[in-house]
Amino acid sequence: TQRIVLASRPVGMPSAEHFRFEATTLEPPAAGQVLLQTRYVSVDPYMRGRMSAAKSYVAPFEVGQPISGGIVAEVVESRNDALPVGSVVVGNLPWQQHSVADGKGLTRIPTDQAPISYFLGLLGMPGLTAYFGLLDICQPQAGETVVVSGAAGAVGMVVGQLAKILGARVVGTAGSDEKVAYLKQLGFDEAINYKTVNLAEALAAAAPNGIDCYFDNVGGAITDAVYNQLNKHARIALCGQISTYNATEAPVGPRPEGKLLKTSSRLQGFIVSDYLSRWPEGVTRLTEWYGQGKLQFEETITEGFGQIPAAFLGLFQGDNTGKAIVKVS
Ligand code: NDP
C-alpha cells in the first residue's frame, strides 16, 4: 500500500518537496484488529503546525514517518466483533491507502444520515469547532452583529449559518468574489472580499451598528480591522490564525489590541478538543439542523491519493470552498 511521509520540515510556505510517497507492506490484522481501506482524507490547516518541530497542542509529525489526520475508512477485513466488514469509521489515521488498526480511537459512523465525508466536516472536527466556538464563546444574541473571517471555509461557513439560526446579523470575509456570492446565497447578510476592498470601510458599511462577536479563523490584517470596530463587551473566539501559519517572523508595529481594553471585550482562544466531553451533543444538534434543512454544507473534493499534498497546500491559496477533502477510494 502507498503512504505519504513527512520528507523534511518546511520553513515558511510548504511545498510538494516536503512530502514523500512510499510503498509499505502491512501485516494481516491480528486478533482485535481490522484492515481499513481509506475512503476520504481530511486536509486541515492545523497540520501545518505539526510539520514544524515546535511544540504545540498536538505533537509534531516525525520526519520519515507517515503524516496522519482525520480519515473516513471502511473495514475490509475484521478480527474485531465491534467493527464487522463493511463498517465505516472515522478516526485519526495515517495517510495510507490501507491501514491496520485496533478499534481504539475509531468511531463507527452511520451511513444513512449524511454523506460519510461529512464526518470530516459538518459533523466532525470543523463543524464542532464552529458549534462550540460560536455558542460557548461568542454567545451571540438575536440582533447582534457577528463577523466571521475565513467565512467560506469549513469552519466559517458553519459559524455563519449557526449565527443566522441564532438570529444575528452575519458578516463574513473571504478571498474571492465567487466565495462572496456563495456566502450571500447561504444567507450571510454581507460578505467581503478581503483581497479587493478597504477593510475598514467595508466592515463599517457591512456592520453599521458595530461588531458584537468575532469568530477569528485567520488573524492578521482582517482581525486588526475588526478589533477597531468592536462594540462594548464584544466576545471574540480565537479559533485560528491561518494568515500567520507560514510566517517566519512575528509582525510588529502599531497594533489595535488596545481596543479590547477600551471596549471591555473578551478574547478567548480554544481548541475543539477542549469540548471532547460534549462531542455527542454537538453532533446531535448539527445533525438535526442539517436534517431539517437549516444547515447546508459544501465540500471541495479532490480525487486520488496522489493529490493529498496538493489539496493540503491549496488551503493556503484559498483553493477550497467549504471543507477540503480528498476522495481516495
Ligand atoms: P478552511 O476550510 O477555512 O480553509 C482555509 C482557508 O483559509 C482557505 O480556503 C482561505 O480562504 C483562507 N486563507 C488561507 N490563507 C489565508 C490568509 N493568508 N489570509 C486569510 N485567509 C486565508 O479551513 P478550516 O475551516 O478547516 O479552518 C479554519 C481556521 O480554523 C484555521 O485557522 C484553522 O487552523 C482553525 N481551526 C481551529 C480549530 C480549533 O480547535 N481551534 C479546529 C479547526 C480549525 P480565502 O479564499 O478566504 O482566503
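In this text, all values refer to a predicted model and were calculated from it rather than measured experimentally.

**Some thoughts on the nonpolar core**
Ranked by internal contacts, the top residues of the largest apolar core, which has 92 residues, are Y40, V43, L134, V146, V159, L183 and F215. Looking at which domains feed residues into this core, each of domain 1 (2–121 + 298–327) and domain 2 (125–273) supplies at least three. Ignoring sequence-local partners within four residues, the contact set of V146 consists of C138, P140, A163, A168, V170, D212, C213 and F215.

**Focus: the packing of helix α2 (residues 125–138) against helix α3 (residues 154–165)**
Closest axis-to-axis distance for the α2/α3 pair is 8 Å, and the angle between their directions is 45°. One way to sum up the angle between α2 and α3 is to call them oblique. With respect to the hand of their crossing, α2 and α3 are arranged in right-handed fashion. Contact with α2, carried on its side by P126, G127, T129, A130, Y131 and L134, involves A154, V155, V158, V159, L162 and A163 of α3 and no other residues of that element. Residue composition of the contact of α2 with α3, grouped by class: 10 nonpolar, two polar and no charged.

**A look at the sheet that holds strand β10 (residues 190–193)**
Spatially, β10-β9-β8-β11-β12-β13 is the arrangement adopted by the six strands of the open sheet, whose pairing is parallel. Here the strands that pair on one side only, and so sit at the sheet edges, are β10 and β13 (266–269). Taken pair by pair, the neighbouring strands of this sheet meet at an average axis angle of 15°, ignoring direction. Its contacts with the sheet put helix α6 (residues 220–227) on β8 (145–148), β9 (169–174), β11 (211–216) and β12 (230–238), and the angle it makes with β11 is roughly 165°.

**Here we look at the site of the ligand**
Near the ligand you find 32 residues, and of these G153, V155, G175, G240 and G318 are the closest. Going through the elements one at a time, α2 and α3 are the ones with two or more residues in the shell around the ligand. Residue assignment places the shell around the ligand across two domains, with domain 1 (2–121 + 298–327) and domain 2 (125–273) each supplying three or more.

**Re the domain arrangement of the protein**
Splitting the protein by domain gives domain 1 (2–121 + 298–327) and domain 2 (125–273). A straight line from the C-alpha centre of domain 1 to that of domain 2 covers 29 Å.

**A few points about the packing of helix α5 (residues 199–206) against α6**
α6 packs onto α5 with a crossing angle of 50° between their chain directions and a minimal axis gap of 9 Å. Classified by the interaxial angle, the pair formed by α5 and α6 is oblique. With respect to the hand of their crossing, α5 and α6 are arranged in right-handed fashion. Between α5 and α6, the residues in contact are L199, A200 and L203 and A221, I222, A225 and V226, respectively.

**Considering the UniProt feature "domain: Enoyl reductase (ER)" (unreviewed entry) in the protein**
Following the UniProt record, one finds the feature "domain: Enoyl reductase (ER)" (unreviewed entry) at residues 15–326. When the span residues 15–326 is considered, its composition is 26% helix and 26% strand, and the gap between its end C-alpha atoms is 17 Å.

**Here's the deal with the environment of M157**
With respect to the helices and strands, M157 occurs in helix α3. Judged by local crowding, M157 falls into the buried class, with 32 C-beta atoms found within 10 Å. Separated by 26 residues in sequence, M157 and L183 place their C-alpha atoms 7.6 Å apart. M157 has contacts with A151, A152, L186, E298 and G322, leaving out every residue within four places of it along the chain.

Rules and cut-offs
- Position numbers for residues start from 1 in each chain and track the written sequence from start to end.
- Confidence filtering applies because this is a predicted model: local features only for residues at pLDDT of at least 70, side-chain atom pairs given and counted only at 80 or more, and all residues used for totals across whole chains, interfaces and linings.
- We define a nonpolar core as a collection of buried residues of the types Ala, Val, Leu, Ile, Met, Phe, Trp, Tyr and Cys that are connected via C-beta atoms lying within 7 Å of each other.
- Whether a residue is buried, exposed or partly exposed follows from its count of other C-beta atoms within 10 Å of its own C-beta, namely 20 or more, 12 or fewer, or something in between, respectively; the C-beta atoms are built from the backbone.
- Residue ranges for the domains trace back to a domain assignment, done automatically or taken from a database.
- Once C-beta atoms have been placed from the backbone, residue pairs whose C-beta atoms lie within 7 Å are recorded as contacts.
- Note on method: axes are straight lines fitted to C-alpha atoms, helices fitted across the in-contact stretch only, with angles between N-to-C directions ranging 0 to 180 degrees.
- For helices the rule is a DSSP run of H or I covering at least 4 residues; for strands it is a run of E covering at least 2, with both sets numbered from the N terminus onward.
- By the definition adopted for this analysis, an angle is roughly parallel if under 35 degrees, roughly antiparallel if over 145, roughly perpendicular if from 65 to 115, and oblique otherwise.
- Definitions for this section: a left-handed crossing has its near helix turned counterclockwise from the far helix by less than a right angle. A right-handed crossing has that turn clockwise.
- Following the grouping adopted for this structure description, the nonpolar residues are Ala, Val, Leu, Ile, Met, Phe, Trp, Tyr, Cys and Pro, the charged ones are Asp, Glu, Lys and Arg, and the polar ones are all others, Gly among them.
- Pairs of strands are assigned from DSSP output, requiring at least two bridges between the strands.
- To decide nearness, the C-beta atom of each residue is placed from the backbone, and the residue is near a molecule or strand if that atom lies within 6 Å of it.
- UniProt positions are given in the numbering used here, feature names are shortened, and annotations may be inferred rather than shown by experiment.

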